[in-house]
Amino acid sequence: MSSSVVAVEPRLESGSKTVPGPILLLGAPGSGKGTQSDQLVKFWNIPHISTGDLLRANVAKGTPLGKVAKDLMGRGQLVPDSLVDDMVAARLKEPDTANGYILDGFPRTLGQANWLDGRLASEGGGLPVIAVSIQVDYNQLLRRITGRRNCPVCATIYNVYMNPPKRDGFCDIEGAALVQRADDTEQVFKERMRAYVGLTAPVIEHYRALGRFAEVDGDRPISVIAAGIVAAVERLRG
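Here the structure is a predicted model, which means the values were calculated and not measured. Every chain begins its residue count from 1, and numbering advances along the sequence as written. The model is predicted, so local features are restricted to residues of pLDDT at least 70 and side-chain atom pairs to those at 80 or more, both for listing and for counting; the totals for chains, interfaces and linings are taken over all residues. Computation of side-chain values: all heavy atoms of the structure, hydrogens and water removed.

Draft legend 1. Summary view of unusual backbone geometry. Of the consecutive residues Phe106 and Pro107, the connecting peptide bond is found in the cis state with omega at -5 degrees. Segments assigned H or I by DSSP are reported as helices when at least four residues long, segments assigned E as strands when at least two residues long, and all are numbered from the N terminus. Looking at where Pro107 falls in the secondary structure, it is placed in the loop between strand E3 (100-104) and helix H5 (110-123). One non-glycine residue, Ala155, lies in positive phi territory at about 70 degrees. Examined against the element boundaries, Ala155 turns out to sit in the loop between strand E5 (148-150) and strand E6 (157-159). Residue class for Ala155 comes out exposed when judged on its relative accessible area of 52%. Burial classes: relative accessible area under 20% of the type maximum marks a residue as buried, over 50% as exposed, and values in between as partly exposed (1.4 Å probe, protein chains only).

Draft legend 2. Examining the confidence of the model for the chain more closely. The pLDDT averaged across the chain works out to 90; a share of 93% of its residues lies at or above 70. Each residue carries a pLDDT score, the predictor's own confidence in it, on a scale running from 0 to 100. The contact criterion used throughout is that any non-hydrogen atoms of two residues lie within 4.5 Å. In this model, residues 1-9 is a region of pLDDT below 50 whose contacts with residues beyond four sequence positions or in other chains number 2 contacts.

Draft legend 3. Just the pattern of salt bridges, in detail. Only one rule defines a salt bridge in this text: a Lys or Arg side-chain nitrogen within 4 Å of an Asp or Glu carboxyl oxygen. Here the structure, examined in full by the defined rule, presents 13 salt bridges. With a shortest N-O distance of 2.7 Å, Arg56 and Asp53 are connected by a salt bridge. In this pair, Arg56 and Asp53 are both assigned in helix H2 (residues 51-61), 3 residues apart and thus about one turn of the helix distant. By relative accessible area, Arg56 is classed as exposed at 55%. Here Glu94 and Arg91 are joined by a salt bridge, their closest N and O atoms 3.3 Å apart. Counted as one network, the salt bridges with shared partners bring together Arg148, Arg181, Asp183 and Asp184.

Draft legend 4. Highlighting a nonpolar patch on the surface. Within this analysis, patches are made of residues with over 30% relative accessible area and no salt bridge. Like charges are joined at 9 Å or less; nonpolar side chains (Val, Leu, Ile, Met, Phe, Trp, Tyr) at 5 Å or less. What sets the accessible areas is the Shrake-Rupley method with a 1.4 Å probe; for residues, cover comes only from the shown protein chains. A cluster of nonpolar side chains, Val160, Tyr161 and Met162, forms an exposed patch at the surface whose accessible area comes to about 260 Å². Of note, Tyr161 is situated in the loop between E6 and helix H7 (186-209).

Draft legend 5. Quick peek at the nonpolar core. Only buried Ala, Val, Leu, Ile, Met, Phe, Trp, Tyr and Cys residues count toward a nonpolar core, and they belong to the same one when joined by side-chain atoms within 4.5 Å. Leu24, Trp44, Val132, Tyr207 and Ile229 are the most contacted members of the largest nonpolar core, which has 49 residues in total. Among the elements that line this core, the one with the most residues is H7, at 6 residues. Beyond its immediate chain neighbours, meaning those up to four positions away, Leu24 contacts Leu103, Phe106, Pro107, Val129, Ile130, Ala131, Val132, Val203 and Tyr207. Within the second largest apolar cluster, 5 residues are counted, among which are Tyr158, Cys171, Ala176 and Leu178.

Draft legend 6. Molecular detail of the sheet that holds strand E1 (residues 21-27). Two strands are counted as paired when DSSP detects at least two bridges linking them. If you trace the 5 strands from one edge of the open sheet to the other, you get E2-E3-E1-E4-E7, paired in parallel fashion. Among the strands making up the open sheet, the edge pair consists of strand E2 (48-50) and strand E7 (213-217). Pairwise comparison of adjacent strand axes, ignoring direction, gives a mean angle of 25 degrees for this sheet. As defined by bridge partners, E1 adjoins strand E4 (residues 130-135) across 5 bridges and the pair is classed as parallel. Within E4, the residue paired with Leu24 across the bridge is Ala131. Every axis corresponds to a line fitted to the C-alpha atoms, with the helix fit spanning only the stretch in contact, and the corresponding angles, defined between N-to-C directions, vary from 0 to 180 degrees.

Draft legend 7. Region of interest: the state of the cysteines. Here, the term disulfide refers to a pair of cysteine sulfur atoms separated by no more than 2.5 Å. Under the criterion given, the structure shown has 0 disulfides. Of all cysteine sulfurs, the one in Cys154 lies closest to Cys151, which takes part in no disulfide; the gap is 3.6 Å. Between Cys171, a cysteine without a disulfide, and Cys151, which holds the nearest cysteine sulfur, the sulfur-to-sulfur distance is 3.6 Å. You can call Cys171 buried: its relative accessible area is 4%.

Draft legend 8. Examining the packing of aromatic side chains more closely. Two aromatic rings, drawn from Phe, Tyr or Trp (for Trp, its six-membered ring), form a pair once their centres lie within 6.5 Å of each other, and the interplanar angle then sorts them: stacked below 30 degrees, edge-to-face above 60, tilted otherwise. According to the stated counting rule, one finds 3 aromatic pairs in the structure shown. Residues Phe106 and Trp115 carry aromatic rings whose centres are separated by 5.9 Å and whose planes lie at 80 degrees to one another, so their mutual orientation is edge-to-face. The class of Trp115 is partly exposed, set by a relative accessible area of 26%. For the ring pair Tyr138 and Phe189, a centre distance of 5.4 Å and an interplane angle of 55 degrees mean the geometry is tilted. Remark: Phe189 occurs in helix H7 and Tyr138 occurs in helix H6 (residues 138-146); sequence separation between them is 51 residues. In this structure Tyr138 comes out as partly exposed when scored by relative accessible area, which is 35%. Under the relative-accessibility criterion, Phe189 is labelled buried at 1%. Working rule: Lys NZ or Arg CZ, within 6 Å of ring centre, within 35 degrees of ring normal, means a charge sits over the ring. Sitting above the plane of the Phe170 ring, Arg167 keeps its charged end 3.9 Å from the centroid.

Written out as structure tokens, the structure is:
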């Protein structure tokens, strides 16, 4: 009589003694980066620092940096890296970043990566950045993005490929006709992917060369992906 061994998937468990430090979480559109950021924030009790959120907060609060950014955007100009760097520098001085933080959208260029590495090194005693990339097959990403449908009434999200409604094209809860966001098309997805790869490739190679880069399979259950990210951070911090 033969027996089979069932592999047990790793799960996210509490009690990690590793100080996470700064973690750059990378992921293509549709990879679940936002979901994983939420998981890691709860697990480590560290902040999620998004450059988009920082920019909006500075503008809303009318900080000196926010006023400069608002003026630039009002004239249709891009906010330069130097201004974003200054916003990040100010945010990293806040006490909730002492044990680490999840970086989202920064550093997005090699210049920003070099700036951040230099700043952290100049402080002395702090941990360097670790970069973790959530990897998902291109075709799977395409299905996740182009298959999304939203209920305009209750905001429930479906996917025609992976989580379809019971009645094709209509919300299970409200019965309303589902809609597809204008940017959830294959053409827009291709453009976003091209921009993502072009921007992040040099950053990934930078941290890979420093031995501070890991990839995690993003085509798994949410808790399993989170456990994989934690394991990667613990290995690289070891």
